[in-house]
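Listed here are the chains, written in short residue letters.
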Amino acid sequence: MNSRRNSFWALFLGANLLLGTGAFSQTASAVNWKTFDKGLKDAAAGKKYGFIDVYTDWCGYCKMLEGTTLKAKPVLAELEKNFVSIKFNAESDEMVTWKGKKISMRDLSASWGVEGFPTMLFLNSKGEIIGSFASFAEADMMTHLLKYISSGARERKVSFEDFLKAPT
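Note that the structure is predicted; figures quoted are calculated from it, not measured.

### Some remarks on the pairing of strand 7 (residues 129–133)
When you tally the buried positions in strand 7, you get 4 out of 5 residues, the bulk of the element. Sheet topology places strand 6 (residues 119–123) next to strand 7; 4 bridges connect them, and they run antiparallel. Looking at the pairing, Met 120 lines up with Phe 133 of strand 7. Here strand 6 folds back onto strand 7 in antiparallel fashion, the turn holding 5 residues, of which Gly 127 has a positive phi close to 85°.

### Some words on the nonpolar core
In this structure, Phe 51, Phe 122 and Met 142 are the most contacted members of the largest nonpolar core, which totals 25 residues. Counting only elements with at least two residues in this core, the list comes to strand 2 (49–55), helix 4 (73–82), strand 6, strand 7 and helix 6 (139–150). For this core, the element with the highest residue contribution is helix 6, accounting for 7 residues. Membership of the second largest hydrophobic core comes to 15 residues, among which are Val 54, Val 96, Leu 108 and Trp 112.

### Here's the deal with the sheet that holds strand 3 (residues 83–89)
The 5 strands lie next to each other as 1-3-2-6-7, forming an open sheet whose pairing is mixed. In this open sheet, the two strands that pair with only one neighbour each are strand 1 (33–34) and strand 7. Each of strand 1, strand 2, strand 3 and strand 6 touches helix 2 (residues 36–46); the most contacted strand, strand 3, lies at about 160° to it. Along the sheet, helix 4 contacts strand 2 and strand 3; its crossing angle with strand 3, the most-contacted strand, is approximately 105°.

### Regarding the packing of aromatic side chains
In the structure shown here, the tally under the stated rule is 14 aromatic pairs. Their ring planes at 45° and their centres at 5.9 Å tell us that Phe 51 and Phe 122 sit as a pair that is tilted. Separated by 71 residues along the polypeptide, Phe 51 in strand 2 and Phe 122 in strand 6 bring together distant segments of the chain. Across this residue pair, the class does not change: Phe 51 and Phe 122 are buried. With centroids separated by 5.0 Å and ring planes inclined at 75°, the aromatic side chains of Tyr 148 and Phe 160 adopt a geometry described as edge-to-face.

### Observations regarding helix 4
Among the residues of helix 4, Val 75, Leu 76, Glu 78, Leu 79 and Asn 82 are the ones counted as buried. Buried residues in helix 4, looked at end-on, bunch into an arc of 165°, giving them a common side. Within helix 4, the exposed residues directed more than 90 degrees away from the buried face are Glu 80 and Lys 81. Where the residues of helix 4 are buried, they touch strand 2, strand 3 and helix 6.

Parameters at a glance
- Residues numbered from 1 in each chain as written.
- Predicted model: local features only at pLDDT ≥ 70, side-chain atom pairs only at ≥ 80, totals over all residues.
- Heavy atoms only, no water.
- Buried < 20%, exposed > 50% of the residue type's maximum accessible area, 1.4 Å probe, protein only.
- Helix = DSSP H or I, 4+ residues; strand = E, 2+ residues; numbered from the N terminus.
- Pairing = 2+ DSSP bridges.
- Core = buried A, V, L, I, M, F, W, Y, C linked by side-chain atoms within 4.5 Å.
- Contact = heavy atoms within 4.5 Å.
- Axes fitted to C-alpha atoms, helices over the stretch in contact; angles between N-to-C directions.
- Phe/Tyr/Trp six-rings, centres within 6.5 Å; stacked < 30°, edge-to-face > 60°.
- Arc of directions from axis to C-beta.

Written as structure tokens, this is what we have:
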């Protein structure tokens, strides 16, 4: 599992270099955040993917992600259409339910292997982690990541590079 997760991160980081760091200039309001437990339930009920923004209060890149990338219209549109968005403080002692067990956000993020911030996790509607991205992402990269997940390409084992090359 760790090697698969690490290769997924490396793939996305490499793609970030291929795509450059340009951001969309148009911004809109904000993400419709859900609590962890409600978000997982809503994703399952609505057959949507889960998007978890794992952050800390002290993380500058987390604040930058929130203040720029997650306000870009294309990102917001993709999140609204295909995802249930969950804000997750990796240092919180707030209790959440994961796979039927109560656990603190702090302990859960550690059990997921989250070591850097921000980390974005992508879940299928069953609540299973199907991908992650451990880095800040500009709006154009985030839009590609979200579409990669919501198209089902990740679950079909299409590489991110091949997804980017495919005609839209």
